[in-house]
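Breakdown of the fold
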Amino acid sequence: MAAPGAWFVFGFEGADEPPRGPDTGTAAPRALPLPPGGVRALRPGWDCVVIVTGSGAAVLRGGAGAALPGGCRDAVPGEGHVLLVLEAALEARSWAALRGAGAGAEERAPAWRRPLPPAAPAPALPLVPGGFAAPRAPFFWPLPARLRARRLALGLEHALLLGAAGLVYTWGSSRHGQLGHGGLQAEQEPRVLEALQGLPVADVAAGGWHSACVSGRYGPSPARGQPRPQPHGRPLAVPADAGDLYVWGWNASGQLALPCKALARERRAAADGPPGAGAAAGASPVRAGPAGPSPRPCCRQRQALPQGRLQ
C-alpha cells in the first residue's frame, strides 16, 4: 500500500477483466478502484481477488463470472474451491457452484460446512475457532490450543504461525527451505523457528515456497517505567518496534529480493538484445547467488513498514 487508502494490483487478470497486454495481464501496478467503506484486506487468487471492505462485506473481482453469496463477510479463493465466511457458518464451495450456470444440485451444495457461534465476529482467516481452514480438502485442520495463534499464513505446502508471545512456528514441506529450520526435512507438527527466538515478531507471510516475517511489537506497550517482556528470560535481540523484514525459502525468480541466477540471466539477455527485450519491467539489477533455508534480513537498513497485516 503506497498511500493511505490506495491499493495497487498487477499480474494476470481474470477473463472478465479487460486485457492489458499480450499475456492478458499488466506488469505495471495500477490503482484498484476502492469499494464503499474502503479496504480491510485483499485475498488474491489465480485469476481474481477478494476485497474485504471496511464495512465487513466481501467483494469478488474477476473469477470468470463467479459471484459470492449474499451476506458473505470474507472469502479465500483457491484452485478448485472458495472458502466463505457467512453469517452462520464457514463453507467451501466449488467455482462451478459460484458460477451457477449449468451446475446441478450436487455441485451447488457446499463441499464442506462448519457452523459458527451465533453473533460471532468474522474469524481472522485462515484462523477459525479450533484450528484453521483453507480452500482445499479436507478444508479444516485442528491446532493445539497451547500455540495461542495470533496469525497464520499458508503457502502451497507449508504454514507459518505467529503465537501470542511473538514466537514463530512452521511446519509442512521444506524442500525449498521454506520452513527456515536450516534443512530440507518436512515437519509434521508446528515447530518453533529457533533462528528467530528472542526476536519479537509482529507479523508473518507466506508465498508458494518462501516465507517472511516482520520484527516488531507483539503485544501492548508496557506502562512507563516497566521493563519490556523478555521471551525465554533473554533480552530482546532488537528494539520491540524494529520493523525489520526477514525472508527465507525459494528464490529462483527473486522472490526474496535477493540475488538469483534467473534475474541475472534476464539482465544479461537484456544487455545483449535489442532495446526493450529481455528483462521484465521493473526488474532490479542483481548478481547471481544462492538462497539459504534459514531466515535472514532482506536488507540491513530498517524500513518504515506498514503496521497492518502482510497480504
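Structure: see above.
Below you will find a few notes about this structure. (Residues numbered from 1 in each chain as written. Predicted model: local features only at pLDDT ≥ 70, side-chain atom pairs only at ≥ 80, totals over all residues. Heavy atoms only, no water.)

Concerning the sheet that holds strand β13 (residues 149-154)
Ordered by their spatial adjacency, four strands build an open sheet running β13-β14-β15-β16, and the pairing between neighbours is antiparallel. Of all strands in the sheet, those with a lone pairing partner are β13 and β16 (187-192), marking the two edges. Between one strand axis and the next, the sheet turns through 15 degrees on average, direction left out of account. With five bridges connecting them, β13 and strand β14 (residues 158-163) associate as antiparallel partners. The residue of β14 that forms the bridge with leucine 154 is alanine 159. (Pairing = 2+ DSSP bridges. Helix = DSSP H or I, 4+ residues; strand = E, 2+ residues; numbered from the N terminus. Axes fitted to C-alpha atoms, helices over the stretch in contact; angles between N-to-C directions.)

Regarding unusual backbone geometry
Here the residue pair leucine 125 and proline 126 is connected by a cis peptide bond, since its omega of 5 degrees sits within 30 degrees of zero. For proline 126, the location among the structural elements is in the loop between β9 (112-115) and β10 (127-128). Residue alanine 137 is joined to proline 138 through a cis peptide bond whose omega torsion reads 5 degrees. Summarising the element assignment, proline 138 is placed in the loop between β11 (131-133) and β12 (140-142). A positive phi angle, close to 80 degrees, is found at phenylalanine 139, a residue other than glycine. Inspection of the secondary structure puts phenylalanine 139 in the loop between β11 and β12. Non-glycine residue alanine 257 carries a positive phi angle of around 60 degrees.

Concerning the pairing of strand β3 (residues 39-44)
Of the pairings in the sheet, the one linking β3 to strand β4 (residues 48-53) comprises five bridges and is antiparallel in character. For proline 44, the partnering residue across the bridge sits in β4 and is valine 49. Counted between consecutive antiparallel strands, the loop separating β3 from β4 contains three residues.

Concerning helix α3 (residues 261-272)
With twelve residues, α3 should reach 16 Å at 1.5 Å per residue; the first-to-last C-alpha distance of 16 Å fits that figure. For α3, the set of buried residues is Ala262, Leu263 and Ala264. (Expected span 1.5 Å × (residues − 1). Buried < 20%, exposed > 50% of the residue type's maximum accessible area, 1.4 Å probe, protein only.)

Considering the pattern of salt bridges
A full pass over the atoms with the stated rule returns six salt bridges. A salt bridge links glutamate 157 to arginine 175, with the nearest nitrogen and oxygen atoms 3.0 Å apart. One end of the pair, glutamate 157, is in the loop between β13 and β14; the other, arginine 175, is in the loop between β15 (168-172) and β16, with 18 residues separating them in the sequence. The residue arginine 191 makes a salt bridge to glutamate 187 at a minimum N-O spacing of 2.8 Å. Of the residues examined, arginine 191 reaches a relative accessible area of 31% and is grouped as partly exposed. Residues participating in the shared-partner salt-bridge network are Glu91, Arg93 and Arg113. (Salt bridge = Lys/Arg side-chain N within 4 Å of Asp/Glu carboxyl O.)

A few points about the packing of aromatic side chains
Two aromatic rings are characterised by how far apart their centres lie and by the angle between their planes. Tallied over the full model, the rule gives three aromatic pairs. Measuring from ring centre to ring centre gives 6.3 Å for phenylalanine 132 and tryptophan 171, while their planes differ by 65 degrees; the resulting arrangement is edge-to-face. On the criterion of sequence distance, the pair formed by phenylalanine 132 in strand β11 and tryptophan 171 in strand β15 is long-range, its members being 39 residues apart. Neither residue differs from the other here; phenylalanine 132 and tryptophan 171 are each classed as buried. Members of the aromatic cluster, each reached through a chain of ring pairs, are Phe132, Trp141 and Trp171. One Lys or Arg, arginine 114, reaches over the ring of phenylalanine 140 and ends 3.9 Å from the middle of that ring. (Phe/Tyr/Trp six-rings, centres within 6.5 Å; stacked < 30°, edge-to-face > 60°. Lys NZ or Arg CZ within 6 Å of the ring centre and 35° of its normal.)

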